[in-house]
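Observations on the three-dimensional arrangement
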Protein chains: 4
Amino acid sequence: MKTSQLFQTALEPDALHTFFHDVRQTSERLAEPLSDADATVQSMADASPAKWHLAHTTWFFEAMVLKPFVPAYKTFDEDFHFLFNSYYETLGARQPRPRRGMITRPTLSHILDYRKHVDHALDALLRASPGQRVAELVELGCHHEQQHQELLLTDILHLFAQNPLHPAYRDPRPVTVETADLSPLSFTAFDEAIVEIGHGPVGFAYDSEGPRHRVLVEPFRLANRLVTNAEWADFVNDGGYQKSLLWLSEGWAKVQAEGWSQPLYWEERDGQNWMMTLRGFQPVDPTAPVTHISYFEADAFATWSGKRLPTEFEWETAAQGIAIQGNFLDTHRFRPKPASPHVGGLQQMFGDVWEWTRSAFLPYPRFRTVEGAVGEYNGKFMSGQFVLRGGSCVTPPGHMRASYRNFFPGHARWQFSGLRLAEDA
Amino acid sequence: MKTSQLFQTALEPDALHTFFHDVRQTSERLAEPLSDADATVQSMADASPAKWHLAHTTWFFEAMVLKPFVPAYKTFDEDFHFLFNSYYETLGARQPRPRRGMITRPTLSHILDYRKHVDHALDALLRASPGQRVAELVELGCHHEQQHQELLLTDILHLFAQNPLHPAYRDPRPVTVETADLSPLSFTAFDEAIVEIGHGPVGFAYDSEGPRHRVLVEPFRLANRLVTNAEWADFVNDGGYQKSLLWLSEGWAKVQAEGWSQPLYWEERDGQNWMMTLRGFQPVDPTAPVTHISYFEADAFATWSGKRLPTEFEWETAAQGIAIQGNFLDTHRFRPKPASPHVGGLQQMFGDVWEWTRSAFLPYPRFRTVEGAVGEYNGKFMSGQFVLRGGSCVTPPGHMRASYRNFFPGHARWQFSGLRLAEDA
Amino acid sequence: MKTSQLFQTALEPDALHTFFHDVRQTSERLAEPLSDADATVQSMADASPAKWHLAHTTWFFEAMVLKPFVPAYKTFDEDFHFLFNSYYETLGARQPRPRRGMITRPTLSHILDYRKHVDHALDALLRASPGQRVAELVELGCHHEQQHQELLLTDILHLFAQNPLHPAYRDPRPVTVETADLSPLSFTAFDEAIVEIGHGPVGFAYDSEGPRHRVLVEPFRLANRLVTNAEWADFVNDGGYQKSLLWLSEGWAKVQAEGWSQPLYWEERDGQNWMMTLRGFQPVDPTAPVTHISYFEADAFATWSGKRLPTEFEWETAAQGIAIQGNFLDTHRFRPKPASPHVGGLQQMFGDVWEWTRSAFLPYPRFRTVEGAVGEYNGKFMSGQFVLRGGSCVTPPGHMRASYRNFFPGHARWQFSGLRLAEDA
Amino acid sequence: MKTSQLFQTALEPDALHTFFHDVRQTSERLAEPLSDADATVQSMADASPAKWHLAHTTWFFEAMVLKPFVPAYKTFDEDFHFLFNSYYETLGARQPRPRRGMITRPTLSHILDYRKHVDHALDALLRASPGQRVAELVELGCHHEQQHQELLLTDILHLFAQNPLHPAYRDPRPVTVETADLSPLSFTAFDEAIVEIGHGPVGFAYDSEGPRHRVLVEPFRLANRLVTNAEWADFVNDGGYQKSLLWLSEGWAKVQAEGWSQPLYWEERDGQNWMMTLRGFQPVDPTAPVTHISYFEADAFATWSGKRLPTEFEWETAAQGIAIQGNFLDTHRFRPKPASPHVGGLQQMFGDVWEWTRSAFLPYPRFRTVEGAVGEYNGKFMSGQFVLRGGSCVTPPGHMRASYRNFFPGHARWQFSGLRLAEDA
């Protein structure tokens, strides 16, 4: 198997070099508002410290590219291999995941030195026109780092949400709740079709997005926009979290064990809903898409609505051909924006919240994992997870495409996850 | 929605009456070897006491049929509603599942009286030609009870396996290990096709087996027989349980947390593999299908073999038209039998071990749950589970069919679960 | 060290033989109301099945007396050694304590055969005038069995309390709540003294009751009677379970984690307090001593009262010379009786509820454990436990004496445990 | 009750003012080697972040002294009351203990500002000759802060021990293992006596050190020095951690559940014992006292030695009159020093390791807690703990005295805790 086919890279050397620099810079800009302590603490086993994200993405380039392909490369610190391997069993022992927050040393500033060291070596390598394999791995490393950029933000939000002082990651001034009229809910019909699903030959994609194959999709209808906070508040007020019949059995068990009664970061203050955001504690915007909900909540809401969640194939059918915009770091607002009332057709498909689908994260026909460490990327997570599609307000734009398959366990709530309704046609 | 379409019942009144009697009698015959204590203890939260199975299946008829449809029916004991409801939230509070083993009273013999009382009332009702709705519910109740017959046996096996004395459920004499030649492993090819999946209009089926719909199935090849104990021993001896790369991430976590190193009931004694069975502690038969393995183990084995598990659609494609035989109670041996070397084609599709598929248990297109308590039957379990197909050596034959979808979480091991290999064609 | 001094036995051969028979018979009479299932289920890790108590006490005689001292003794079943050893590390591996309830076979009736077999052998041995060492061990075995008689009853009560049907161990008719006037609370003063504490040379005692030694006890005052249910209800109604300042830190953590708000078996029905008893579900008798409370609750109550718990030395000082009566099996009522208003002085010192003291269970000066398995009896539990004094309504009378030191962890509630107030003089 | 009697303060205004400044400065000097991240992370529920120690000790002065006694005092930050209350239920809700490490903001430097703010206000107050009550509370606050100075060091050691890089708190150069001859073990005899136990009227003491009272202490003999690492290694090599009979039942359960096989921070490297220290990873010094052991380990060692642990009364009897020296911050070595061979009599009574006694932490006769928040200081911990006496190499000297009662649960290992043997005379 050729990995060039797998990762389907297409970037020219110059474009790759630029991409590399942009990605590496972006990570560091994301870390700017963080103190050493902010970047060190781990708020739960599922989250990682920001420092760890910054170091692990760097280690990825060191372990996958520099060490195997640059004989003269001088390892920055041999201990970092143990500290910053995530889960690559192929690559040896590592700091246990739930103990990542114990590593107060190296400091954040030392990690930034580590990044410089590796960037410098990569720079030289990329300038020297490395072969196809290296180019592929560097491109993979960049996408890998983009993935961690989003996680860095969701993990910082989770950490700050544990602090009773509700610190803001950026710019704590109260966000004006937009009162603009919302698009009325409507459904777009799709006919039965045999659809090509999965990533085509052009541009980068992860192995789990392929192989491209045909799926028979029955007729369905898809909502023009995401479910809003106001609609979610109706669900809450109607006792949605108390009605067991709306819930999957696993979900209902979670509701009871964890005392779920609203989205993860909501909190009532004087009769109004507030929520923790990357800009601090803010009133809930009724027209914005609901976010930080689990699959179980999304499914219960859909049942309550008399609708259902779409399958990932339905979603991809609808998304094919829709343009993705976004200038992540410059214009991102770190929160989903309301759908515009003036635009027809499908809105908010990319860049607001990840959309839970009713599809389990399973291999496509003829999927095979790659040999070696890179093969541990996606395949080993193909049990116990649901697929999310689209991309959120903290997803780098290069990380959104119609074929992209994000995945999380059904109980996960700390991502920017929401839902779009569907129904049988 | 008409439930007559849902459960697709077809039995004539007389046939239903006979079916009812057979099923009820079979349960009681299964309980014969059990003491009051055997029938009371719960060996883990996932298992239930035999007494509970006997009472709960009876309660099902009382709560779903007698109370709603027979005004003069006199409830046997009002408290049983609380004790023997399983999980029907619609029907009110119930004894918490992990505490089912605390109920030493009523005794087993009192539960048998309860069964007589309900049978008597059902008898009268069935003789009086009840309407279509009652007939459907009685037929559903019979299939429900058959499901619990299998669980009663797997739960008793689990209980007896906790006892260092290894008591035998039936006939503890050593089973002669059959040395008959085994069918050599071969693969049957299937062409790409759009296949009708799901139960058709004739005969009983659960709601989750429908609606019947078309699926595009790519070409594949399916093993002629199940994986054997001897083949599993090769996997064990090759270090299969120590090689993380063979495993799904969730599976590897289980291997480490639970110390898995062989199938659930295997135990080495003097260099030979023995296992706990319903006939007591027995040497492992190398030619018999491996059983009591989790999805994670099945998947790791398939990866080790360079093959994969089939999807449930592939399995159903192959199973359509294969005859199901078996006289459960009279001839069952309570253990899977080796494949015959003389028969060509697909063997052991029904009645040996449940076969893990790589399909998650999810709703078919246009699936909707029924209104009311009966609707809690399957739909609410559609997350976090994998589909098993076929049927085991302790499955009542009426409970096996090509469209039948059994389901368990990926870590479950106490069922008679095994695997059949598949590969891309 | 001579164990004859340790266990301080004094029984003549005939008296010992009679004692042995009485104790063995009593256990069997206690088991009479139990079904095989009742006797098999374990309701929590701290409790044991009745069958286990019956077998373990028998095993004690077999392992400590018959096997070492009767060469011709034929072991009843070699497997029982594994099944019924409690915690004697010296004597090898054993069924893990929390899994004692998995042993549905041997049946209760087989255990009764085991008892006969061992009794028969012991009978012969005792008739043959065995030596001093055997006599001591048999006497110890009898006291050991009496201890388990009480545990059998408290464990059955705990099991039956888990059953929503509230089965009665004996005679379920409602107990008439006695309305007799209660002794008014008064305090008896004791002067400062150097007191002899611990068991003297006459009669049986456990090793932990000695060596007898002198303790300087400051002046104190001790309540004439136990705290009643009515007084406890005042504590509850005054918010005792909500006021953190009344509680030890460990106790307050338990209140919150376990949701304690009343004694273990209390339950409000229609504004009245009921409780689970060995005679089934009964109204709480306001004049009876409160029972089934933890040390933490007893201590909080005492603090709320402006008093304190006595030390074990104060209690023993007061108890010396008080007569112990009681005909356990014939007249016991399986519940504590109210104090009589007519009797002066200290009442209810023996035979109502065990009284929590503020003394930790620690070795007396010069205490040393005996060599061998018998040495594992008490010494190894000398951490993390508080001493209780007196004896309860389900304590065999031979198991009550002024020097007797019962002990349980501060959170234990399922014993018949209550309290008596004390104060500084 | 007058608290002036309770805390028995004796400091003159000037001495108090000096004491206050010294203590406050010392804390800040202890924090100097720490980064913001070091000072923020919580390595286990029992430990607290350094930042928290610095802030909580400051909050103590603010909440107990400034707010009640200085009307014009301006609270530094109202939120800190929630963040830095430890466990004073009287004073309202607080950050849950196991979540103290989530507080990345305020930063360490902001906490140092907080300290300045409070110091400034206290300065003014102390200069203005406040009344007796304020003086007492300030003195209490200083002792309270000294207690936290030790905890800050033990908690930092625990945190750094989680880091595979073994960072050093101070000066990581290898410590030369002293090979000086060790005092041979000998025992000093004490006659039976009625001893005055508890703190007398002069100087500061905690409430739990009184009231002073008489105890009858039987004759005993006490070791001249602490148990050494070399002696502990003998215990390890003799299988001490594998012999269940040496252990208390609770202790043996811990050995098995936690896999204890050596002191907490020991680690074998190439056949030699190393250990984590505040000076980084160092070879174990065979002549230094063993430390970081639990009560259960100390007790098992004593049993293995044929000796026992002393009671706290025996220890105090022996310690009365022994001088305490030490210049904590200037000369401390952050590790216990070997006993000198040249000095006769009892050595190492203060300032090396805390010595486990076999006494449970219980109230002395006539002990009563003070009214109000200060009363929550010690009394509520009087269950489930053992007393340690002496003081360790990281105990401020003002925090050591013959009557001082330190206490920890029997399983605690992260303090500088060791043992001295005793025996009956």
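Residues numbered from 1 in each chain as written. Chains lettered and ligands numbered in written order. Predicted model: local features only at pLDDT ≥ 70, side-chain atom pairs only at ≥ 80, totals over all residues.

Points about the overall build of chain A
Looking only at helices and strands, chain A has 11 helices and 12 strands in total. A compact globule built from 425 residues would reach a C-alpha radius of gyration of about 22 Å, and chain A, at 22 Å, matches this within 12%. The C-alpha extent of chain A, read off along each of the three principal axes, is 65 × 55 × 40 Å. Expressed as a percentage of the 425 residues in chain A, the buried residues total 51%. Taking all contacts inside chain A whose residues are at least 6 apart in sequence as the whole, residues at least 24 apart take part in 81%. (Helix = DSSP H or I, 4+ residues; strand = E, 2+ residues; numbered from the N terminus. Rg over C-alpha atoms; globule rule 2.2 N^0.38 Å. Buried ≥ 20, exposed ≤ 12 C-beta atoms within 10 Å, placed from the backbone. Contact = placed C-beta atoms within 7 Å.)

Looking at the relation of the copies chain A and chain D
For the pair chain A and chain D, the superposition axis carries a translation of 0.0 Å, the fit reaches an RMSD of 0.0 Å, and the rotation angle comes to 180°. A rotation of that kind, with that shift, is consistent with a two-fold axis. For chain A, the residue whose C-alpha comes nearest the rotation axis is A:Ala37, separated from it by 2.0 Å. Taken as a fraction of all interface residues of chain A, those also at the interface in chain D reach 100%, which identifies the copy contact as same-surface. (Least-squares fit on C-alpha atoms with pLDDT ≥ 70 in both.)

Overview of the UniProt feature "domain: Sulfatase-modifying factor enzyme-like" (unreviewed entry) in chain A
Under the UniProt annotation, "domain: Sulfatase-modifying factor enzyme-like" (unreviewed entry) lies at residues 203–321 and 344–422 of chain A. With 31% helix and 19% strand, residues 203–321 of chain A has end C-alpha atoms that lie 15 Å from one another. (UniProt positions renumbered as here; feature names shortened; annotations may be inferred.)

A short note on the nonpolar core
Of all hydrophobic cores here, the largest spans 414 residues; its most connected members are B:Val138 and C:Val138. What B:Val138 contacts, discounting residues up to four positions off in sequence, is B:Leu16, B:Phe20, B:Val65, B:Leu122 and B:Leu126. (Core = buried A, V, L, I, M, F, W, Y, C linked by C-beta atoms within 7 Å.)

What about helix 6 (residues 132–161) of chain A?
Because each turn of an α-helix spans 3.6 residues, side chains separated by three or four positions in sequence point in the same direction. For helix 6 of chain A, with 30 residues, the first-to-last C-alpha span of 44 Å sits near the 44 Å given by 1.5 Å per residue. With 26 of 30 residues buried, helix 6 of chain A lies mostly within the body of the structure. (Expected span 1.5 Å × (residues − 1).)

As for the interface of chain B and chain C
Each partner contributes to the interface: chain B provides 24 residues, whereas chain C provides 24 residues. Looking at the side of chain B that touches chain C, the elements with two or more residues in it are helix 4 (80–84) and helix 6 (132–162) of chain B. For the side of chain B that touches chain C, the residue count by class is 10 nonpolar, nine polar and five charged. (Nonpolar A, V, L, I, M, F, W, Y, C, P; charged D, E, K, R; others polar.)

A short note on the interface of chain A and chain D
The interface of chain A with chain D comprises 24 residues on the first partner and 24 residues on the second. When grouped by side-chain class, the residues that make up the side of chain A that touches chain D number 10 nonpolar, nine polar and five charged.

Considerations on the domain arrangement of chain A
Residue and element names in this part refer to chain A. Looking at the assigned domains, one finds that chain A contains domain 1 (3–161) and domain 2 (187–424). In this structure, domain 1 and domain 2 have C-alpha centres spaced 26 Å apart. With 28 residues of domain 1 in contact, the opposing surface of domain 2 contributes 24 residues. Those elements giving two or more residues to the side of domain 1 that touches domain 2 turn out to be helix 1 (3–7), helix 2 (13–31) and helix 6. Of the residues forming the side of domain 1 that touches domain 2, the biggest block, 13 residues, is contributed by helix 6. Classifying every residue of the side of domain 1 that touches domain 2 by side-chain character gives 13 nonpolar, 11 polar and four charged. (Domains from an automatic or database assignment.)

Some words on the packing of helix 3 (residues 50–69) of chain D against helix 6 (residues 132–162) of chain D
Residues and elements named next belong to chain D. Following both chains from N to C, one finds helix 3 and helix 6 inclined at 170°, their axes separated by 9 Å at the closest point. It follows that helix 3 is roughly antiparallel to helix 6 by the angle criterion. Contacts between helix 3 and helix 6 pair Ala 50, His 53, His 56, Thr 57, Phe 60, Phe 61, Met 64, Val 65 and Phe 69 from the former with Val 134, Leu 137, Val 138, Gly 141, His 144, Glu 145, His 148, Leu 151, Leu 152, Asp 155 and Ile 156 from the latter. Its residues placed into classes, the contact of helix 3 with helix 6 shows 12 nonpolar, six polar and two charged. (Axes fitted to C-alpha atoms, helices over the stretch in contact; angles between N-to-C directions. Parallel < 35°, antiparallel > 145°, perpendicular 65-115°, else oblique.)

Thoughts on the relation of the copies chain B and chain C
Superposition record for chain B on chain C: RMSD 0.0 Å, screw rotation 180°, translation along axis 0.0 Å. Looking at the interface residues of chain B, 100% of them are also at the interface in chain C, so both copies use one shared face.

Let's talk about the UniProt feature "domain: DinB-like" (unreviewed entry) in chain A
The positions UniProt marks with the feature "domain: DinB-like" (unreviewed entry) are residues 20–150 of chain A. As annotated, residues 20–150 of chain A has a helix share of 58% and a strand share of 0%, and its two end C-alpha atoms lie 17 Å apart.

Comments concerning the sheet that holds strand 11 (residues 417–418) of chain B
Residues and elements named next belong to chain B. Pairing is mixed across the open sheet formed by four strands, whose spatial order is 10-9-8-11. Edge strands, defined here as strands with exactly one partner in the open sheet, are strand 10 (406–408) and strand 11. As paired elements, strand 8 (residues 354–360) and strand 9 (residues 386–389) share three bridges and run antiparallel to each other. Residue Ala 360 lies in a different strand from strand 9, and its bridge partner there is Phe 386. (Pairing = 2+ DSSP bridges.)

A look at the sheet that holds strand 6 (residues 272–277) of chain C
Residue and element names in this part refer to chain C. On the basis of which strands lie adjacent, the open sheet formed by three strands has the order 5-6-7 and antiparallel pairing. Both edges of this open sheet fall to strand 5 (266–269) and strand 7 (280–283), since each of them pairs with a single strand only. Each strand axis lies, on average, 35° off the axis of its neighbour in the sheet, ignoring direction. Summarising the sheet, strand 6 and strand 7 pair through four bridges and their orientation is antiparallel.

Quick notes on the environment of C:Val65
All names here are of chain C. Inspection of the secondary structure assignment puts Val 65 in helix 3 (residues 50–69). Sequence separation of Val 65 and Arg 133 is 68 residues, and the distance between their C-alpha atoms is 9.2 Å. Once you skip the residues sitting within four places of it in the chain, Val 65 turns out to touch Leu 122, Val 134, Leu 137, Val 138 and Gly 141.

Observations concerning the arrangement of the chains
Separated in space, chain A and chain C share no contact, their closest pair of C-alpha atoms being 14 Å apart. Between chain B and chain D there is no contact, and the shortest C-alpha to C-alpha distance separating them is 14 Å.

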